[in-house]
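Structural description and commentary
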Amino acid sequence: MKLRARTIRFATLLAASLLAAPVGVIAKASPERTVSPRYDPAHRVFRLDAGDVTYAMGVNTDGILQTIYWGARLPAADPLGPAVPAPERSSFDPAGALTPQEYAGWGGAMTATPALKIRLDDGNRDVVLRYDSYRVDGEHLSILLRDAQAGVAVTLDYTADAATGIIGRSAHIENAGKQALTIDAAASATWNLPRADDYSLRYLTGTWAGEWHLQTRAITPGATVLESRRGSTGDENNPWFAIGRGGEWNEEHGDVWFGALAWSGSWSIRVDEDILGQVRVVGGYNPFDFAYRLKPGETLDTPVFYAGYTRDGIGEASRLLHRFERDRILPGGARAALRPVLYNSWEATEFKVDEPGQERLAEKAAALGVERFVVDDGWFGARDNDHAGLGDWVVNRRKFPNGLKPLIDKVHGLGMSFGLWVEPEMVNRDSDLYRAHPDWVLNFPGRERSEGRHQLVLNLAREDVKAHLLEVLDRLLSENDIQFLKWDYNRNWSEPGWPQMSPDEQQKVYVAYVRNLYDILRQLRARHPKVEIESCSGGGARVDLGIMALTDEVWPSDNTDPSDRLSIQDGFTYAYAPATMMAWVTGSPNWVNNRVSSLDFRFLSSMQGGLGIGANLLDWTPAEEATARGYVAEYKKIRATVQRGSLYRLLSPQERAPWSATESVADDGAQAVLFAFQRQGEEARPFPTLRLRGLDVKARYRFRVMHGKVAPGTPDVASGAYWMQRGIDLVMKGDLQAAGVVFEREGTASHQGVTR
Ligand code: GLA
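Residues numbered from 1 in each chain as written. Predicted model: local features only at pLDDT ≥ 70, side-chain atom pairs only at ≥ 80, totals over all residues. Heavy atoms only, no water.

1. Some thoughts on helix H13 (residues 622-644)
Taking 1.5 Å per residue, 23 residues should reach 33 Å; H13 reaches 33 Å between its end C-alpha atoms and fits that length. Of all the bends in H13, the greatest measures close to 60 degrees and is centred on isoleucine 638. (Helix = DSSP H or I, 4+ residues; strand = E, 2+ residues; numbered from the N terminus. Expected span 1.5 Å × (residues − 1). Bend = angle between axes of the 7 residues up to and from the residue.)

2. So, the pattern of salt bridges
Evaluation of the coordinates by the stated rule reveals 54 salt bridges. Between arginine 245 and aspartate 198 there is a salt bridge, with the nearest N and O atoms lying 2.6 Å from each other. With a gap of 47 residues between them, arginine 245 in strand S14 (residues 240-245) and aspartate 198 in the loop between strand S10 (181-192) and strand S11 (199-207) connect regions that are remote in the sequence. On the basis of relative accessibility, which here comes to 32%, the residue arginine 245 falls in the partly exposed class. (Salt bridge = Lys/Arg side-chain N within 4 Å of Asp/Glu carboxyl O. Buried < 20%, exposed > 50% of the residue type's maximum accessible area, 1.4 Å probe, protein only.)

3. Some details on the sheet that holds strand S4 (residues 65-72)
The antiparallel open sheet is built from 4 strands, whose spatial order is S1-S2-S3-S4. In this open sheet, the two strands that pair with only one neighbour each are strand S1 (38-40) and S4. Across the sheet, the mean angle separating the axes of adjacent strands is 20 degrees when strand polarity is ignored. Summarising the sheet, S1 and strand S2 (residues 45-50) pair through 3 bridges and their orientation is antiparallel. Each residue of the ladder has a partner; that of aspartate 40, found in S2, is valine 45. (Pairing = 2+ DSSP bridges. Axes fitted to C-alpha atoms, helices over the stretch in contact; angles between N-to-C directions.)

4. So, the confidence of the model for the chain
One rule of thumb: low pLDDT means the predicted coordinates there are not for detailed reading. Across the chain, the average pLDDT comes to 94, with 94% of residues at or above 70. Scored below 50 in pLDDT, residues 1-33 shows 66 contacts in the model against residues more than four places distant or in partner chains. Confidence drops under pLDDT 50 across residues 750-756; counting only partners more than four residues distant or on other chains, this segment forms 24 contacts. (pLDDT = per-residue confidence, 0-100. Contact = heavy atoms within 4.5 Å.)

Here you go:
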């Protein structure tokens, strides 16, 4: 939302009189996806009611906008407000620091983490943001805060999703004064939790080939900073958090506040607790090395920070996020195609791709029921290893003498769509692009240019670089009948200089790069609407709601070991939907850890997400091919449930636990799919009884086993109540055992997936 400070007053009057529904009327949880925010002028309170959530904030007597309530949905008649500023507690604890401000400038007596910190050219750094006016525009609520003397205007934008209660917040910062200023820190939002001193925080950490570890720590007075300083999302932390009360919150129970930042550049989410138990979550651009200069009239928009609440535990928090991502974030929304079964030859051939080799693999893949064939790294430029070629997106004629067309035609003729790997943001020194434009990379003049995997980062903030990439990729997609791009990104930033800009404008790179990346993706999608894109970053180092809005799927990890994958995939699902999570069946022993596993274990592990195959199919025996064909066919019958159903994490594989189990339930309750794994069998212990979740209590479900063994005496058919209360026992003996069981509601045709 882009609101000009000048026009908002007038709009406010209109909005207040025409659009604000009287307090006391709660918008019914409408079948529509949006809700209208409401304003109570008597108490100066704004209220968002969506899903099972109420969020309220008010203007206090100091003119400061402060959070009043965020939690379970409340009856409309409940009084919320007026907002009362915290009293000064001592000379060291002024109201400015204690009041839970919605979006605080650093100024006045503020000592807590501000959302915004600004330096004016005249040396003033004091900004106190006070309420000015508001506007409701459909589902958007915009609230204008100002410091008129400093010449700073901030429009806070709010949306609320009726289905999930997830609120989106962002800020639009304007230099409304007469002198230039520099923004040192700009958050998207501050989320103030109800005052309590028993919170704990869950967050995700990782590293290459070991992404998505779930961490838990108590929130105590002090700060926890989750962040990336890498220029992209990164995998060290992911921009997601969940906060629960006490030691009691688990998959099923407990108050949980959770959020995810839609940004693929350097970011930070800072969780502060003060000694009085006030918890604030401040997230947005990473203030580290941040400086964004605004001349009079110029503006900066922050990313959107989404957050939600549930009283039904972390499992429900994940399901709300999954639904929100599927329906509101991903391109195509609720109507998006299901993920096709994919083949990718990276682990089989690495850089040794050529026309005959890829054609042989394509024939094998098609015979297994694969629907999309993807040529990975090595098809372009002088790319025989990772030392050369990046940047030169022209087909290597030694490997593909007649271009890609013969292979693409072959793949299409086999009934599969065709995909290609690209890494557009990078360049090798040994490339024609770098030889022609050594100034196109991030760098500080005269300083070393650090390499990662022998590559440098192109500065997408430069308009010429952006235009070049757009042109090259547009040409690639126009000249070749391509349905899918795997968009990779294999290193962090270093020496992030932008020497073409004046020194005080250079740090805009943190914003401009990512915005241009998004713009390239947006324009490519608009010009080639049938092309799907996967976000990959040497695995899962660029997964966030920002990139997800422009891509159809993500690659969670280069680690394809099916046992390691159980934890990786489990961690991923805390924040992100299985609908986006690609998982390949690859060779055994696995290249990461030499672990040997059965094809059944590998398939069942990968079937928890979007199924892919990445093994060398030329090595497979006829028996292995038959097994694979069976699983691919089976997957097509359950993928709608796996990808778009509700996920229940029944047994956690985190912290190297021996067991893992998940269940996915179709939205209409007609099918449930159970995956269970035993990494290690110890002391002849029985596998835990699995009590299903989310079934229709009264309906009757018949099960069929995809693989594995159920305990003797298990009935063929029983009620949803039975499977949820009594549960099912599986027989697992030994290491690396797996089972897959499908429950079909009697009298219902089973799900058939649709793909493009
Ligand atoms: C990254 C990706 C891999 C593969 C290679 C190719 O590591 O994560 O899947 O595409 O690059 O170089």
